[in-house]
Amino acid sequence: MECSVAIQFLPMDAKDDDEICRVVDAVIAYIDSTGIDYFVGPFETAIEGDYDTCMEIVKNCQLVGAKAGCKKMASYVKIDYRPEGAVMTTEHKVGKYHQTDTEFQVKAENAA
C-alpha cells in the first residue's frame, strides 16, 4: 500500500444535522462499495490503497455528494504517499486505541 488519504467531506448547503448525515452516509457508502480499506472517524474517513485508486475515490466523493443532492460542498484531503514503498497503515497508527471497541459495544447493548 503506497497511499493513505484522509477525506473530510462537508455538505455546505445542508439544512440540518440529519441532512448532513444523509449526504455524508452516501459518500461513505460509495467508499465502502469500492472495496478499498477504510476507517471512518468522527471528522474524516481514511482510505488506503494504491495512489491512482485513492485519487479516483477522492474525485468521486464530490460527484457522489452532488448526486445525493448536495449543491455546495467542501472537502479537506490529507495525502500520505510513498511511490517507492509502503505508508503506515491506519491499523498501525490507531489500532491500539480501538482494541476495546467490541467490548464497549457489548456493554452498551447489555445496558439497553
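Just above, that's the structure.
Scoring rules and cut-offs
- Residues numbered from 1 in each chain as written.
- Predicted model: local features only at pLDDT ≥ 70, side-chain atom pairs only at ≥ 80, totals over all residues.
- Heavy atoms only, no water.
- Helix = DSSP H or I, 4+ residues; strand = E, 2+ residues; numbered from the N terminus.
- Buried < 20%, exposed > 50% of the residue type's maximum accessible area, 1.4 Å probe, protein only.
- Contact = heavy atoms within 4.5 Å.
- Areas by Shrake-Rupley, 256 points an atom, 1.4 Å probe, with all protein chains shown as cover.
- Patch = residues over 30% accessible without salt bridge, like charges linked within 9 Å, V, L, I, M, F, W, Y side chains within 5 Å.
- Salt bridge = Lys/Arg side-chain N within 4 Å of Asp/Glu carboxyl O.
- Core = buried A, V, L, I, M, F, W, Y, C linked by side-chain atoms within 4.5 Å.
- Pairing = 2+ DSSP bridges.
- Axes fitted to C-alpha atoms, helices over the stretch in contact; angles between N-to-C directions.

1. A few points about the overall build of the chain
Okay, so step 1: Scanning the chain for helices and strands turns up four helices and four strands.
Okay, so step 2: Looking at the chain as a whole, 27% of its 112 residues are labelled buried.
Okay, so step 3: Restricting to contacts in the chain with at least 6 residues of sequence separation, those with at least 24 account for 72%.
Okay, so step 4: Entry remark: accessible area of the chain is about 7,700 Å², with carbon and sulfur atoms responsible for 53%.

2. Regarding a nonpolar patch on the surface
Okay, so step 1: Judged by side-chain polarity, Val77, Ile79 and Tyr81 come together as a nonpolar surface patch covering roughly 240 Å² of accessible area.
Okay, so step 2: You can see Ile79 is positioned in strand S4 (residues 73-81).

3. Focus: the side chain of Thr45
Okay, so step 1: Counting through the fold element by element, Thr45 comes out in strand S3 (residues 45-49).
Okay, so step 2: A relative accessible area of 6% means that Thr45 is categorised as buried.

4. Notes on the nonpolar core
One recurring pattern in soluble globular proteins: nonpolar side chains tend to sit buried together.
Okay, so step 1: Ranked by internal contacts, the top residues of the largest apolar core, which has 16 residues, are Val5, Ile7, Ile31, Ile47, Ile57 and Cys61.
Okay, so step 2: Of all elements in the fold, only strand S1 (3-11), helix H1 (17-33) and helix H2 (51-67) reach the threshold of two or more residues within this core.

5. Examining the sheet that holds S1
Okay, so step 1: The four strands lie next to each other as S2-S3-S1-S4, forming an open sheet whose pairing is antiparallel. Pairing within the sheet leaves two strands with one partner each, and these edge strands are strand S2 (37-40) and S4. Here the average twist between neighbouring strands, direction ignored, is 20°.
Okay, so step 2: Sheet topology note: the S1/S3 ladder contains five bridges and is antiparallel. Within S3, the position partnered with Ser4 by the bridge is Glu48.
Okay, so step 3: Strands S1, S2 and S3 of the sheet are contacted by H1, whose axis makes an angle of about 155° with S1.
Okay, so step 4: Across the sheet, H2 is in contact with S1, S3 and S4; its angle to S1 comes to roughly 10°.

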